[in-house]
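Results of the structural survey
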Amino acid sequence: MRLSSEFVRLPFRFDVEALAAEVLAVPEADWQPHPQGFPGNSALPLVASTGDPRNEATRGEMLPTPVLARLPYLRQVLAAFAAPVGRSRLMRLEGDAEATLHVDVNYYWLQRVRIHVPIVTQPGVRFQTGLVETFMAPGETWIFDTWRPHNVINPPDVQRIHLVVDTVGSARFWEAVAAGEAVRETSILPPSDAPVIGWDPSADPDLPFETVNHPVVMSPWELRHLSALLLEKVHESSDDDAVRRVHDSLESLARDWTALWALHADRPSGHEAYRARAEQTRAETASLTQRIQLLNMQDPVAILQSSILGVAVNPGLAKAPAAAEPAAPAPEPAAAVVPAVTPRPAKPSRPGSRLTRPVFIVSAPRSGSTLLFETLAQAPGLWTIGDESHEVIEGIPALHPAQHDWESNRLTAADADDKTVTWLEQRFVEKLRDRGGRRLADDGSSVVMLEKTPKNSLRVPFLAEAFPDARFIYLYRDPVDTLNSMIEAWRAKRFITYPDLPGWNAEQPWSLLLVPGWRDLIGLPIPAVVAEQWRRAVDVLLDDLEALPPEQWCVASYGRLVKEPQQELERLCAFLEIPWDRTLTAPLPPSRFTLTRPEPGKWRRNEAELTAVLPIVAQVSERARTVFGDEPPRSRAAAVGAAVPVAAKRPAPVAVTPSPAVAGFTSSHTASFPELLGHIKSTLLVSTYQSGRLIAFREDDGVLNTHFRAFESPMGIAFDNGRLALGTRRQIWEYRDQPAVTKRLVPEGKYDGCFLPRKTHYTGDIRVHELGYVGDELWFISTLFSCLATLDADHSFVPRWRPSFVTALSPDDRCHLNGFTIIDGAVRYVSALGETDDGEGWRDNKANGGIVIDVASGEIVTRGLSMPHSPRWYDGSLWILESGKGSLGRIDLATGAVETVAEVPGFARGLTFAGRYAFIGLSQTRESVFHGLPIMDRPERASGVWVVDITTGKTVAFLKFDGIVQEIFDVQLLPGYRYPEIGEPESDLVTSSFVLPDAALADVPERVRATT
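Anyway, here's the lowdown on the structure attached to this text. (Residues numbered from 1 in each chain as written. Predicted model: local features only at pLDDT ≥ 70, side-chain atom pairs only at ≥ 80, totals over all residues. Heavy atoms only, no water.)

This part covers helix α16 (residues 565-576). With 12 residues, α16 extends 16 Å between its outermost C-alpha atoms, agreeing within 8% with the 16 Å of an ideal straight helix rising 1.5 Å per residue. Burial analysis of α16 places 10 of its 12 residues in the buried class, the great majority of the element. Listing the buried residues of α16 in full gives P565, Q566, E568, L569, R571, L572, C573, A574, F575 and L576. Immediately beyond the C-terminal end of α16, within one or two residues, lies E577, with a positive phi of roughly 65°. (Helix = DSSP H or I, 4+ residues; strand = E, 2+ residues; numbered from the N terminus. Expected span 1.5 Å × (residues − 1). Buried < 20%, exposed > 50% of the residue type's maximum accessible area, 1.4 Å probe, protein only.)

And the structure:
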């Protein structure tokens, strides 16, 4: 929920010792991994949808889980807030873990505030919201603005446990908020003086649990309210025309929605009209994604698509008629045959139809639907055409996309006229075979048909109208694996569907299904096209499925199909009311359309490309996982597997992604950027301390490949002859290129280097800034202690030099010493933001108090600089970035004058050279830190890397971050390395790679050397 301040401490305080004793007594088995798979994160659900601790859904009646009954004091804490209790849990963070930077844009959290009560914590825990950082003391009560980017980071060896409660609040609760203490600047509040609410052994409060959290139909007033949030605070870099078009589209939607509400309210008579109107707005705004940016670095169009239009109509939540009496239990199974459950009431088939209760497997392309189809087709009583129905359906002219101006494969109920449906059924019946290959007899009998075609993910309304008694199986597969398989399918050119699609690139013919708005994708690289294909197809599919009666569809798990095929097929056959008489063992044989055999981590072959496009699918991916974990509610008579609900029998999905925090790392670049990297045969490293990533930009066949590695606040980067060093918040990492390890990387022959960690030195948080190799020694700057330093085996760091005006080695950042350059094997010049001897005294004159110092003599070379950074000796000259001006300059060592060579649109910090080109890191400026600097007057302040020709001062290429990366520190080229791998410290590659001396290697068996 958006708040007026970053944090608010509420006037509630609890007995933290009693809370901790109660919580720590809970058995470890009750804790669960974090639902998004964040490392070091776990949860103990207290209140969940349907009361099932495994149910991660944010919709449905919120009820206590069994564990809450064993926590009497926690129940009293929940009651103290006097507000409806929504999804609530204990959140645990292990030492050195983080929640990862994110923004809560899900519909549920747009409407709810998140209450935190720290139970186990210590002052080193850092909560970050926007640009503000604070500490939540144990026993206190806090809320914060989840609309801004937020994160929490734990110190090493410290476990943190918070009670986290979601609520819409109440008048009494918001009065308490108004009486609370707002935190708008980084600070730690003195201890709260609120009275402690202790445990009352005699109290057993009746908690008000949330029962309604998603509308059947969103009211026009709620629609207007949420729409206004989207465009309330737009970043100045946004496309003004796109802002206007979104505004006009939302205003038109609100007016039509109000008219529909007057006619239908939320009654079923209006559901289709509401859905059609929402779909119209979806189509109007789809092309405007990534053209508008909010101040919280989010895309309002993506939020509109998922968190407003995606939840505006929910027919499945409408109250159903009273359920029928429970059906009689099914007879005992005979031998190896698993019988169907007792049939449930179903819509009748069309009069005279030979296809009764047809089954359609629907999914995104490459989700494993062929494997499911081929396996399920072995069930007795199911008939198939033996293949996909592309030709059967599109052979009818009215159903071919050419008849719809090539808009897409989308078909709706309006396309299901009697003539077309009769013709379609006839074409199906002519091709049907049973599992033994026998044709359907021409005796008028009806059969159950099984069909699967990924294009049908866009045709559910049509199929449901054509076959009113149809059942649908939605096959869920982890989006990362699916996207990876789709990319490989496009490149293999074996899945071309429209080789002559008008307006599309003939060199790369269109593959897989044709999605709405495909013309917006012309000119995009294959991974981006694939991401949009998946996003649009799955979003439409989920909309359509949720509009069906819940008894008409179910969810299947690709993961379980592969690992536990027998159980998954028995469950699906029970839903379909058909027997199953086969015994299956894992693994199932690959389907006929498998490109490469399934294997864990296959997606890593395209990891960098997947990382770059995951933000495109993030919202819909979350929605799909929610649907996967929260199947459509069914009446008691319709329950599958009478004793245990389906959702309880299936384990919760585990998301496998390249990096849990890549969402938001979006960027755009000129075509000349990868071209230049290819020309100079180099990889560019960029450290993004604010967002916790070291990013490698590599040219790959003309495309910019983006490679992310997670570190805590990465800062300076040093490289020299196969040695790589990185300074982080409390450590310095040292890597070495291990060429032999490249043979283990796939695809073989692609990588020309593999950097693996060899040493990590714990310095403590001394604010390591720039680093550099001087001979065999690594030098670096400790900005906190205002000195140049080196390392040894016994100490945190070894101070080697500090400015003469700094009179003490004190951790108070007296001059903000930040950068240095090396000449002829010695550190020669350093930059600082002020000539001061007081703690953070440089801040008083940051606009023009910067200096460059000659280390050898101690003399100041030049004064009056605006926040100088990154001094570099290159081509016989001393170069400097004046960050406060956004400029690259050359210093005249004789006079101290600075000649401005180029101006760039951001806070310039991080500089490296190749030939006549300077690579300059840019950060967006923060008003709270950079107020009063000349750069603040610039109309554009970007975050990214600008490439400048130092002979002309002109920009020749740039890369601009569009997502959460706002501040970077350093840029460094790896000359001669076109496509290196950089091993993340906890990765499987680092864990399983062993580099030994030649003498020792001779004793290692050949078979071991080949695999490790």
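Now, onward.
Counting residues in each nonpolar core, the largest one holds 71 residues, and the members touching the most others are F472, Y474, W510 and L545. For this core, the leading source of residues is helix α14 (residues 526-546), giving 11 residues. L44, V67, L68 and I161 belong to the second-largest nonpolar core, a separate cluster that totals 41 residues. (Core = buried A, V, L, I, M, F, W, Y, C linked by side-chain atoms within 4.5 Å.)

The strands making up a sheet associate through hydrogen bonds between their backbones, and the pairing can be parallel or antiparallel. Strand order in the open sheet formed by five strands is β15-β16-β14-β17-β20, with parallel pairing between adjacent strands. Taken across any chain shown, the strands that pair with only one partner, and hence form the sheet edges, are β15 (382-383) and β20 (553-557). Direction of pairing for strand β17 (residues 471-476) relative to β20: parallel, over a ladder of five bridges. Bridging across to β20, F472 finds its partner in W553. The sheet strands contacting helix α9 (residues 369-376) are β14 (359-362), β15, β16 (448-452), β17 and β20, and the helix crosses β16 at an angle near 160°. Each of β14, β17 and β20 touches α14; the most contacted strand, β17, lies at about 140° to it. (Pairing = 2+ DSSP bridges. Contact = heavy atoms within 4.5 Å. Axes fitted to C-alpha atoms, helices over the stretch in contact; angles between N-to-C directions.)

As for its position among the elements, T688 is in strand β22 (residues 682-688). Since its relative accessible area comes to 0%, T688 is described here as buried. A polar contact is formed between the side chain of T688 and the backbone oxygen of R693, at a distance of 2.8 Å. In this structure T688 touches R693, I695, P714, V965, E967 and I968, once residues within four positions along its chain are discounted. (Polar contact = N/O pair within 3.5 Å; in protein donor to acceptor, adjacent residues only side chain to side chain.)

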